[in-house]
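What follows is the residue order along each chain.
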Amino acid sequence: MILDYILRRLALLLFMMLTLSVFTFSLSFLFPGDALTNLSGVTNSTFSQTNALEAKFHFSENYVIQYFAFLERIMQGDWGISFASGESVFTHIIDLFPATLELSTYALIVSVLVGVPGGILAAAYYKRWPDKLINSGTLVGYSMPVFWLALLLIMVFSLQLGWFPMSGRMGLLYEVEPVTGFILIDIIADDFPYHGMAFLDALHHLTLPTIVLAMYPTTVLVRFTRDSMLKVLDQSYIKTARAKGLNRAQLIIHHALRNALLPVIKQIGLQFSTLITLAMITEVIFSWPGIGRWLIDSIYQRDYPAIQGGLLAVSMFVILATIVAELTYTLFDPLSRNQAHGKV
């Protein structure tokens, strides 16, 4: 039964990917200019080059054949050539996406470490001063625009206090060979002099972007965990345990926490996909060399092959993260599995 559910989710994932590929393929004809140039990224081609490109992209055939040829090139890593750099779009994505993934991962870790305990604390002291204080803080954080918070932190902690740098992943004094794309892991793995100072420097560069990016998912996790915990604490078995003389800490740790955190698992996965999209604004403000900043720059430069490739990569990752979050939640929650198979 679990296998049937997984197969249905994989079928849904395949359908969403195909829909996304159709949209991406149609952008070549919707963008200004020649569709062949938008697909290939080759500009100022000669007559013989144009004929070769038309044969490669099946421009003499109908749109259906052109679409399947487009899918074949996507699977082979042929995503066109960037107008701005003259290099492969797929190569840019492979080089830049780890930086975005790194920033989103660290922001998610901060969100979980702050948001989940904050929600549990607010539920434990329901309608008391810790609950009111946490709710007020989450309301402010939820309503605060990402770009405004980023500029405020730069003005205070970078320009006035000088505690943190305002751009980049690392200072110019250090050079680290990228292996995983995660700068902290690469520093630890790379054996070079002054790697301890380089690690601290990378942490300084990572602090402000991580705080800015983690603000929104932290507030969502606080409120979601609080509501889930309050719902569990209102169950009959919790009231029975309280009547037996268990204190608040025993109720939460031994009885309520496990059931309350099950819906939070799914929410954590959904917030990770949200972080990928929010990272675009954060990367532009902090000059973080990720795919979000590259995509925004491509839009300004009207680099249509890069726009297509960037949108395709980001959208594919968001869809994949959402499906994985739902599968993980279903595997951990038996009630969700029963509902997925039509059981009551």
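Residues numbered from 1 in each chain as written. Predicted model: local features only at pLDDT ≥ 70, side-chain atom pairs only at ≥ 80, totals over all residues. Heavy atoms only, no water.

Visitor: Looking at this structure, I do not really get the overall build of the chain. What am I missing?
Guide: Each helix and strand counted, the chain has 14 helices and zero strands in total. Going from N to C terminus, the chain has its helices and strands arranged as α-α-α-α-α-α-α-α-α-α-α-α-α-α. Overall, the C-alpha framework of the chain stretches about 85 × 60 × 40 Å when taken along its three principal axes. Burial status across the chain gives 42% buried among its 344 residues. Across the chain, the fraction of contacts at a sequence separation of at least 24, relative to all contacts at a separation of at least 6, is 71%. Only carbon and sulfur atoms are counted for the fraction: they give 66% of the accessible area of the chain, which is about 18,800 Å². Seen as two clouds, the 21 positive and the 23 negative side-chain charges of the chain have centres 24 Å apart. (Helix = DSSP H or I, 4+ residues; strand = E, 2+ residues; numbered from the N terminus. Buried < 20%, exposed > 50% of the residue type's maximum accessible area, 1.4 Å probe, protein only. Contact = heavy atoms within 4.5 Å. Areas by Shrake-Rupley, 256 points an atom, 1.4 Å probe, with all protein chains shown as cover. Lys, Arg positive; Asp, Glu negative; His and termini not counted. Charge placed at Lys NZ, Arg CZ, Asp CG, Glu CD.)

Visitor: Just to check I follow, could you spell out the packing of helix α5 (residues 89-124) against helix α12 (residues 291-301) for this structure?
Guide: Pairs of packed helices are described in terms of their axes, by the angle between the two and the distance that separates them. Following both chains from N to C, one finds α5 and α12 inclined at 135°, their axes separated by 7 Å at the closest point. Overall, the two elements α5 and α12 adopt an arrangement that is oblique. Contacts between α5 and α12 involve Val 89, His 92, Ile 93, Leu 96, Phe 97 and Thr 100 on the former and, on the latter, Ile 291, Gly 292 and Trp 294. (Axes fitted to C-alpha atoms, helices over the stretch in contact; angles between N-to-C directions. Parallel < 35°, antiparallel > 145°, perpendicular 65-115°, else oblique.)

Visitor: Would you take a moment to explain a nonpolar patch on the surface for this structure?
Guide: A cluster of nonpolar side chains, contributed by Ile 109, Val 110, Leu 113 and Val 114, occupies part of the molecular surface with about 340 Å² of accessible area. When you line up the elements, Ile 109 lands in helix α5. (Patch = residues over 30% accessible without salt bridge, like charges linked within 9 Å, V, L, I, M, F, W, Y side chains within 5 Å. Salt bridge = Lys/Arg side-chain N within 4 Å of Asp/Glu carboxyl O.)

Visitor: What's the story with empty space enclosed by the protein in this structure? I'm lost.
Guide: To find leftover empty space, one rolls a probe the size of a water molecule over the atoms. Under the defined criterion, the tally for this structure stands at one cavity of 30 Å³ or more. The computed volume of the largest cavity comes to approximately 130 Å³. If you trace the largest cavity, you find 14 residues lining it, with Leu 39, Phe 70, Ile 74, Trp 79 and Gly 80 closest to the centre. The set of elements that each furnish at least two residues to the lining of the largest cavity consists of α2 (35-40), α4 (63-76) and α13 (304-332). Residue contributions to the lining of the largest cavity peak at four residues, all from α13. Its residues assigned to classes, the lining of the largest cavity comprises seven nonpolar, five polar and two charged. (1 Å grid on protein atoms, 1.4 Å probe; cavity = no way out; pocket = protein on both sides within 12 Å on 5 of 7 lines; lining within 4 Å. Points joined across faces, edges and corners; volume = space filled by probe spheres on them. Nonpolar A, V, L, I, M, F, W, Y, C, P; charged D, E, K, R; others polar.)

Visitor: Looking at this structure, how should I read the environment of Met 170?
Guide: Position of Met 170 relative to the elements: it lies in the loop between α7 (146-160) and α8 (183-189). With relative accessibility at 15%, the residue Met 170 sits in the buried group. Separated by 155 residues in the primary sequence, Met 170 and Ala 325 place their C-alpha atoms 32 Å from one another. If we skip the residues at most four places from it in the chain, Met 170 touches Val 176, Ile 183, Ile 187, Ala 198, Asp 201, Ala 202 and His 205.

Visitor: Help me understand the packing of aromatic side chains, please; the structure alone is not making it clear to me.
Guide: Centre distance and the angle of the planes are the two values used to describe a pair of aromatic rings. For the structure shown, the criterion picks out 15 aromatic pairs. Ring centres 5.3 Å apart and planes at 85° place the aromatic pair Phe 29 and Tyr 63 in the edge-to-face group. On the criterion of sequence distance, the pair formed by Phe 29 in helix α1 (residues 2-30) and Tyr 63 in helix α4 is long-range, its members being 34 residues apart. For Phe 29, a relative accessible area of 32% gives the class partly exposed. Members of the aromatic cluster, joined through ring pairs, are Phe 25, Phe 29, Phe 59, Tyr 63, Tyr 67, Phe 68 and Phe 70. Arg 223 extends its terminal NZ or CZ atom over the ring of Tyr 142, reaching a point 5.2 Å from the ring centre. (Phe/Tyr/Trp six-rings, centres within 6.5 Å; stacked < 30°, edge-to-face > 60°. Lys NZ or Arg CZ within 6 Å of the ring centre and 35° of its normal.)

Visitor: So what exactly am I meant to see when it comes to the packing of helix α11 (residues 248-285) against α12 here?
Guide: Direction vectors running N to C along α11 and α12 enclose 80°, while the axes themselves pass 7 Å from each other. Regarding the angle of α11 to α12, the classification is roughly perpendicular. Counted together, Met 280, Glu 283 and Val 284 of α11 and Ile 291, Gly 292, Arg 293, Leu 295 and Ile 296 of α12 form the full contact between these two elements. Here the residues of the contact of α11 with α12 are counted per class, giving five nonpolar, one polar and two charged.

Visitor: Whenever I open this one, the pattern of salt bridges confuses me. Can you help?
Guide: When their charged atoms lie close together, side chains carrying opposite charge are able to pair. A full pass over the atoms with the stated rule returns five salt bridges. For Asp 227, the salt bridge is made with Arg 226, and the minimal N-O distance between the two is 3.5 Å. Overall, Asp 227 belongs to the partly exposed group, its relative accessible area being 44%. Looking at Arg 226, the relative accessible area reads 13%, which means it is buried.

Visitor: Quick question: what am I supposed to make of the side chain of Ser 40 here?
Guide: Its location among the elements puts Ser 40 in helix α2. Judged by relative accessible area, Ser 40 falls into the buried class, the value being 4%. Only 2.8 Å separates the side chain of Ser 40 from the backbone oxygen of Leu 36, close enough to count as a polar contact. Not counting the four nearest positions on each side in its chain, Ser 40 is found in contact with Leu 53, Phe 57, Gly 80 and Ile 81. (Polar contact = N/O pair within 3.5 Å; in protein donor to acceptor, adjacent residues only side chain to side chain.)

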